Amino acid sequence: MITNGTTSLKRAYCTHCKTDNEMNRIFEVNPDANVCYCPYCMAELKPKEAIEDYKYFISTKLLKANRLLYQDTNFYVAYCAFAHIIEIDPKSVEARFGRISALIYMSTLRRSYFEDVITLTSQEASNYFRKLYNQERYLKMISKMNAAVDEYYRRFPKRVMYKDRFYDVKCVELYYTRLKEIITFKKFLLEEVDRIKGKLENGKADAEYIAIEKSIKELEMFFASKTVILDGTRYQAVQANEKGELLLSSFEEKLNPINPKRIGKLDENDGKGHLIKDKVYPDNTYIAKLVKISLPAMIAFIVLGIGALITYFVGPESLKLLFLILMIVFFVFGLTSLILFIIWKTKLAKRRHLID
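So, how was this worked out
- Residues numbered from 1 in each chain as written.
- Predicted model: local features only at pLDDT ≥ 70, side-chain atom pairs only at ≥ 80, totals over all residues.
- Heavy atoms only, no water.
- Pairing = 2+ DSSP bridges.
- Helix = DSSP H or I, 4+ residues; strand = E, 2+ residues; numbered from the N terminus.
- Contact = heavy atoms within 4.5 Å.
- Axes fitted to C-alpha atoms, helices over the stretch in contact; angles between N-to-C directions.
- Parallel < 35°, antiparallel > 145°, perpendicular 65-115°, else oblique.
- Left-handed = near helix turned anticlockwise from the far one by under 90°.
- Nonpolar A, V, L, I, M, F, W, Y, C, P; charged D, E, K, R; others polar.
- Patch = residues over 30% accessible without salt bridge, like charges linked within 9 Å, V, L, I, M, F, W, Y side chains within 5 Å.
- Areas by Shrake-Rupley, 256 points an atom, 1.4 Å probe, with all protein chains shown as cover.
- Salt bridge = Lys/Arg side-chain N within 4 Å of Asp/Glu carboxyl O.
- Buried < 20%, exposed > 50% of the residue type's maximum accessible area, 1.4 Å probe, protein only.

All right, on to the sheet that holds strand β9 (residues 227–228) then. Ordered in space as β9-β10-β11, the three strands form an open sheet in which the pairing is antiparallel. Strands with a single pairing partner mark the edges of an open sheet, and in this sheet they are β9 and β11 (247–251). For strand β10 (residues 234–238) and β11, the ladder comprises five bridges, and the chain directions are antiparallel. If you follow Ala237 over to β11, its bridge partner there is Leu248. Strands in contact with helix α6 (residues 169–196) are β9, β10 and β11; relative to β10, the strand with the most contacts, it is inclined by about 35°.

Below, the discussion takes up the packing of helix α2 (residues 75–88) against helix α3 (residues 93–105). It is at 8 Å that the axes of α2 and α3 come closest, and there the two elements cross at 160°. Here α2 lies roughly antiparallel to α3, going by the angle between them. Where α2 crosses over α3, the handedness of that crossing is left-handed. Contacts from Phe75, Ala78, Tyr79, Phe82, Ala83, Ile85 and Ile86 of α2 reach α3 at Glu94, Ala95, Arg96, Gly98, Arg99, Ala102, Leu103 and Tyr105. Looking at the contact of α2 with α3 residue by residue, the classes come out as eleven nonpolar, one polar and three charged.

A grouping of Ile302, Ile306, Ile310, Phe313, Val314 and Phe331 is seen on the molecular surface, where their side chains present a nonpolar patch of about 580 Å² in accessible area. Take the nonpolar patch: its biggest share by element is five residues, from helix α8 (residues 285–314). Assignment of secondary structure puts Ile306 in helix α8. Overall, Ile306 belongs to the partly exposed group, its relative accessible area being 40%.

As a rule of thumb, non-glycine residues mostly have phi less than zero, and peptide bonds are mostly trans rather than cis. The backbone of Met42 sits at a positive phi, close to 65°, despite the residue not being glycine. Mapped onto the secondary structure, Met42 falls in the loop between β5 (36–37) and β6 (44–45). Unusually for a residue other than glycine, Thr73 sits at a positive phi of about 50°. Locating Thr73 in the fold gives a position in the loop between α1 (47–70) and α2. Of the residues examined, Thr73 reaches a relative accessible area of 4% and is grouped as buried.

Side chains that differ in sign of charge can pair as their charged atoms come close. Across all of its chains, the model carries 16 salt bridges by this definition. Lys55 is paired through a salt bridge with Glu52; the nearest N and O atoms lie 3.6 Å apart. Separated by three residues within a single helix, Lys55 and Glu52 lie in helix α1, roughly one turn from each other. In this structure Glu52 comes out as partly exposed when scored by relative accessible area, which is 45%. The partner of Arg178 in a salt bridge is Glu181, with the nearest N and O atoms 3.3 Å apart. With a gap of three residues between them, Arg178 and Glu181 both fall in helix α6, about one helical turn apart. This pair shows no difference in class: Arg178 is buried, exactly as Glu181 is. Because the salt bridges share partners, they merge into one network encompassing Arg96, Arg99 and Glu124.

What follows is the structure, given as structure tokens:
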């Protein structure tokens, strides 16, 4: 890339540096030069190789962050991982996309981040996304964001309902609140699609616009519909007050009550009932921990088994039986750990998000 008669500098990465600070390894080089030197360790490098090493360094970090997001479903850690990549490489659009996705998935039953995502995406769109040469990349991200909130809405009611009825009025209030947030979120996405429709000629933006618009109309119908709680009381959302809070109106005529064996509750300080789980999106964090534990355990058991085997041959005759038993036990445990590792790893690799 030539600008005003000069070759633009590119980021490079030194693989020779012996430092824990990654930023010390990164520096800028002239890609047309024959040789360059790392400013930290003064190692002699070839610019093109150092540039490729930097690309590999960033792509590896992106791969790990995406695994945290989509496989381990460790959303907060994934958010931090993408944020760290942005600190290293502010031009990484993939990291900015990933951070937004992670923020969406950090939403739980009692705490949503949809408003925060709108704020963050607005900033990123103004500075980066709307300026992308290939606007299909941004359109694909919008489609993923839309699918992510759809996934939330599909899973959310199951947490606060029993046989198409909400547990109590608090669940109804939370339902309408989240529904209002999702509608607002989708309207923002619709505006973003409208901005880039004229930049794409393949009709994909038009199709996405129609899909989101249709979804908004359906959700608005749900928002205007009546809801019922277990005791038969019916509610409907009405105009929000001056503070922006939703108000509910109830109807005198009740339906027949339903009495389930277990009643869910949002507040642990409420009366009887089980506390409703806060997580809405899939949770693989427990399996991810088991995968990390099982592999070292397998190696440790095999090493112990080999140690017992060696001791069996060189140890005293009186202890041969003991070391033979230990060897068998350690190898069995090692084999079991290996089998469990494969099972858990395979299960973890099967992504459960609907947007993948």
